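Observations on the three-dimensional arrangement
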Amino acid sequence: MIILQKGNNWVIEMAHSAYAFGVSVAGHLIHRYWGPRLPYLGDYPLLIEVQDADSFNIAENRRREEYPALEGSRFFETGILLELPGGVRDLHLRFASVEIIQEEEIAVRLTDNVFKIDVILHFKAYSEFDVLERWIEVINGNDDIIQLSRAFSAVWQVPQLDEYWLSFFTGKWSDEFQYHRERISGGKKVLEGRRITTGHDGNSWFALDDGAANEEDGRVWFGALAWSGNWKTIAELTQNGFLQVLSGINDWDFVWRLEKGERFETPHAVGGFSENGFGGASRRMHDYVRVGLPHGETPRQVIYNSWEATAFDVTVESQIELAKIAAKMGVELFVLDDGWFHGRNDDTAGLGDWWPDEMKFPEGLTPLIEAVNDMGMTFGLWIEPEMVNPDSDLFRAHPEWVVQFAGRPKRTARGQCILNMARRDVQDYLISQLDDLLEKYNVSFVKWDMNRNVSEPGWADAPGDPREIWVRYVYGLYRVWGELRKRHPEIVFQSCSGGGGRIDLGILKYADQFWASDNTEATARLKIQEGFAKMLPSVTMESWVTDQNEDLIPLAYRFHVSMCGVLGIGGDIGKWNAEQREEAQKRIDCYKRIRRIVHWGDRYLLRSALEGSVSAVLFMDKLKENGVLFIFRTYESEPIVLSKIYLHGLQQERNYEIDGEVKSGAAWQTCGLVLSLANFESRMLTVRRVEGE
Ligand code: DGJ
């Protein structure tokens, strides 16, 4: 709910939090508040007019603006940087007007009256989740071309705290979502992606606290950017003790030209506040993400994916054999991965030629799809649309379509080049090819992969500045994917990029789920999944049971890890013995009974996999009636100690039965559950509310 206070002062009140700003006498849009919702409107701090303090601490640097621009002598990071006619880079943004849209969205127009540049700041509240979306539009009202060299989506002003602790991810291929939390005692922490896609090496997600927050207590401010290209998150602590977090498209090698009358709209930045620690922050994000998923609450199917079993060596026969076993186990969706299309026998050829390989599938994909459908499963297909191998018909016809600098050598990686998705002709070609493919075959699921990072990011015949490729590539990708979704709304898409290289809020307009990592070893996966869950709900995370480390890690353990997401099987099930197949069938059956709670309930991290050998996660339904508790132990040298798991997320005065014992929610939280687990042992326990004492 957006409330106008007296003067030009607004408060955005959400379920448990509020955000406030107002216009200063000089016309700047000044940040006033972001934190817990307060009882009375008059409680929100008033705008502070800042005067020059002394010659070294001048006003511009002490003002907390919603969207600072380079004005006068600005020494800290600004939301926007641009070049105006005559080489001017000074921008005086002053309040011009405001529009309130359906009580939940406010658009504040700031204008530089001399150069006729408008910057519209958008704030959209998702009140239920205490989440705000922010983005900006820049409009060039000048007769001359202007050039943006930075246009971040949001500048988040965090209240003054005694200390500032930043949580963030680093990573690499097969090791995504590695969580860190460190103190910012001064200066800046810059996190960024420069790979034309989101990247394995980090993520725009961040959280901030005062050092005292823990999983279930304490104040946490958090955010992420809804963008699938180069991104940047800067946390800057200024000399005045203010911390601001800037979030947006990476300004590294970024240029955007605006002709008279043109506008540039940034992707949306998401920000939220929780008084219930990091767990509360993650649950708010989960709820916010889940309401926007393309396929809503449709149950996510149990997948079999043949990649780790057959790699490129796919034939109708080998896939049908696997499908038969999968169907018996209770798999609902059979996915044919890489290796099915024209000329694809290894990773050196074929990408770009999206029709079935004539040798492997002489009658096309229909015989396999029909066999899969007859077994009661739906069929899914792997594609990697943005890529082309030099050894492909597509490359031979259109060598000019790849990302490269004119007259310079271009590199391949995994034997492939990147198609320039910024080009309209490339987009149109892909839409038509892939639409034909999806039209022709009964495909219910598409795994959209992207297996290399960019190099030589050139665009020889770019209509504007070739550096616009960084952004136009992503818009091109969105257009192709969006068009295919529009034409085939029933298809569920998975976003994959060599595992978790394209996991962000932006791609969730198109995809329902992610392939979180190519690392399917269950103990490594515990940490990856824990990081992933700080930002995203389990319903978006595919997780397969494979044969990695099978001698050490029991099948039950591998299942339990994968049951914390969208369950898939990726092992070579042809080699599983009867006992293993039977166990798989039972576990799949059990998963189908609990998946609704795992996917749509609330997630509580009870013990972190980052802090010791025992970790535990609880999923509770929204009514706090039923839950599922997963407990894992990795390796720890003897002697074995009993592990205590303190539960959260239960109603304090209600009784719950766990493992045959009945206690109140308060008792489970205070006294905990005592368990003895051996190395590489896991447990799945149900939590059930019962009546009586
Ligand atoms: C990378 C993906 O993450 C894998 O699951 C698999 O699809 C391969 N690509 C296929 O090339």
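Residues numbered from 1 in each chain as written. Predicted model: local features only at pLDDT ≥ 70, side-chain atom pairs only at ≥ 80, totals over all residues. Heavy atoms only, no water.

**Some words on the sheet that holds strand E36 (residues 661-664)**
Spatial strand order, E31-E32-E33-E38-E35-E36: 6 strands in an open sheet with antiparallel pairing. Taken across any chain shown, the strands that pair with only one partner, and hence form the sheet edges, are strand E31 (602-607) and E36. Taken over all neighbouring pairs, the strand axes of this sheet differ in orientation by 25° on average, direction set aside. Sitting on the sheet, helix H8 (residues 522-535) touches E31, strand E32 (614-620) and strand E33 (626-633), and the angle it makes with E31 is about 130°. (Pairing = 2+ DSSP bridges. Helix = DSSP H or I, 4+ residues; strand = E, 2+ residues; numbered from the N terminus. Axes fitted to C-alpha atoms, helices over the stretch in contact; angles between N-to-C directions. Contact = heavy atoms within 4.5 Å.)

**Overview of the side chain of His599**
Position of His599 among the secondary structure elements: in helix H10 (residues 578-600). There is a polar contact of 3.2 Å between the side chain of His599 and the side chain of Tyr591. His599 has contacts with Arg290, Arg300, Ser538, Val539, Gly565, Val566 and Tyr591, leaving out every residue within four places of it along the chain. (Polar contact = N/O pair within 3.5 Å; in protein donor to acceptor, adjacent residues only side chain to side chain.)

**Side note on the site of the ligand**
Neighbouring the ligand are 13 residues, the closest being Asp337, Asp338, Lys447, Asp449 and Asp518. Separating an oxygen atom of the ligand from a backbone N or O atom of Gly499 is a distance of 2.9 Å. For the ligand, the accessible surface in isolation is 290 Å², of which the surrounding protein chains cover 98%. For the shell around the ligand, the residue count by class is 4 nonpolar, 3 polar and 6 charged. (Near = heavy atom within 4 Å. Areas by Shrake-Rupley, 256 points an atom, 1.4 Å probe, with all protein chains shown as cover. Nonpolar A, V, L, I, M, F, W, Y, C, P; charged D, E, K, R; others polar.)

**Points about the sheet that holds strand E23 (residues 378-383)**
The strand order around the closed barrel built from 8 strands is E21-E22-E23-E26-E27-E28-E29-E30, with neighbouring strands paired in parallel fashion. For this sheet, the mean inter-axis angle between neighbouring strands, taken without regard to orientation, is 30°. Judged from the 4 bridges that link them, strand E26 (residues 445-448) and strand E27 (residues 492-495) form a sheet pairing that is parallel. Each residue of the ladder has a partner; that of Phe445, found in E27, is Val492. Along the sheet, helix H4 (residues 366-374) makes contact with strand E22 (333-336) and E23, crossing E23 at roughly 140°.

**Here's the deal with the pattern of salt bridges**
Close approach of charged atoms allows side chains of opposite charge to pair. Under the definition given, this model contains 54 salt bridges. For Arg593, the salt bridge goes to Asp589, with nearest N and O atoms at 3.3 Å. Taken together, the residues Arg593 and Asp589, both in helix H10 and 4 residues apart, mark about one turn of the helix. On the basis of relative accessibility, which here comes to 62%, the residue Arg593 falls in the exposed class. Relative accessible area serves as the criterion here: at 42%, Asp589 is assigned to the partly exposed category. (Salt bridge = Lys/Arg side-chain N within 4 Å of Asp/Glu carboxyl O. Buried < 20%, exposed > 50% of the residue type's maximum accessible area, 1.4 Å probe, protein only.)

**A word on the packing of aromatic side chains**
Summed over the entire model, instances satisfying the criterion amount to 40 aromatic pairs. Measuring from centroid to centroid gives 6.0 Å for Trp10 and Phe21, while their planes differ by 50°, and the two rings are tilted. You can see Trp10 sitting in strand E2 (residues 9-13) and its partner Phe21 sitting in strand E3 (residues 17-23), a full 11 residues away along the chain. Its relative accessible area of 2% is what places Trp10 among the buried residues. Residue class for Phe21 comes out buried when judged on its relative accessible area of 0%. Relative to Tyr510, the ring of Tyr478 lies with its centre 5.0 Å away and its plane at 25°, an arrangement referred to as stacked. Placement of the pair is Tyr478 in helix H7 (residues 469-487) and Tyr510 in the loop between E27 and strand E28 (513-515), with a sequence separation of 32 residues. Accessibility expressed as a relative area gives 10% for Tyr478, which makes it buried. Taken together, Trp10, Tyr19, Phe21, Trp34, Phe95, Phe123 and Trp156 form an aromatic cluster joined through their ring pairs. Just above the ring of Trp156 sits the side chain of Arg134; from NZ or CZ to the centre is 5.1 Å. The ring centre of Trp668 lies 4.5 Å from the NZ or CZ of Lys663, which sits over that ring. (Phe/Tyr/Trp six-rings, centres within 6.5 Å; stacked < 30°, edge-to-face > 60°. Lys NZ or Arg CZ within 6 Å of the ring centre and 35° of its normal.)

**A word on the nonpolar core**
One finds Ile12, Leu148, Trp340 and Leu505 to be the most contacted residues of the largest nonpolar core, which totals 190 residues. No other element matches the 10 residues that H7 contributes to this core. Ranked by size, the runner-up nonpolar core spans 19 residues in total, among them Ile631, Tyr656, Ile658 and Leu675. (Core = buried A, V, L, I, M, F, W, Y, C linked by side-chain atoms within 4.5 Å.)

**Things to note about H8**
Its 14 residues give H8 an end-to-end C-alpha distance of 20 Å, which sits within 8% of 20 Å, the value for a rise of 1.5 Å per residue. With 12 of 14 residues buried, H8 lies mostly within the body of the structure. Taken together, the buried positions of H8 are occupied by Ala522, Thr523, Arg525, Leu526, Ile528, Gln529, Glu530, Gly531, Phe532, Ala533, Lys534 and Met535. (Expected span 1.5 Å × (residues − 1).)

**Looking at the side chain of Gln5**
Relative to the assigned elements, Gln5 resides in strand E1 (residues 2-5). In terms of polar contacts, Gln5 uses its side chain to reach the backbone carbonyl oxygen of Leu41, at 3.1 Å. When near neighbours in sequence (up to four residues on either side) are disregarded, Gln5 contacts Trp10, Val11, Arg32 and Leu41.

**Re helix H9 (residues 555-562)**
Within H9, 8 of the 8 residues are buried, leaving the element largely enclosed by the surrounding structure. When H9 is considered as a whole, its buried residues turn out to be Leu555, Ala556, Tyr557, Arg558, Phe559, His560, Val561 and Ser562.

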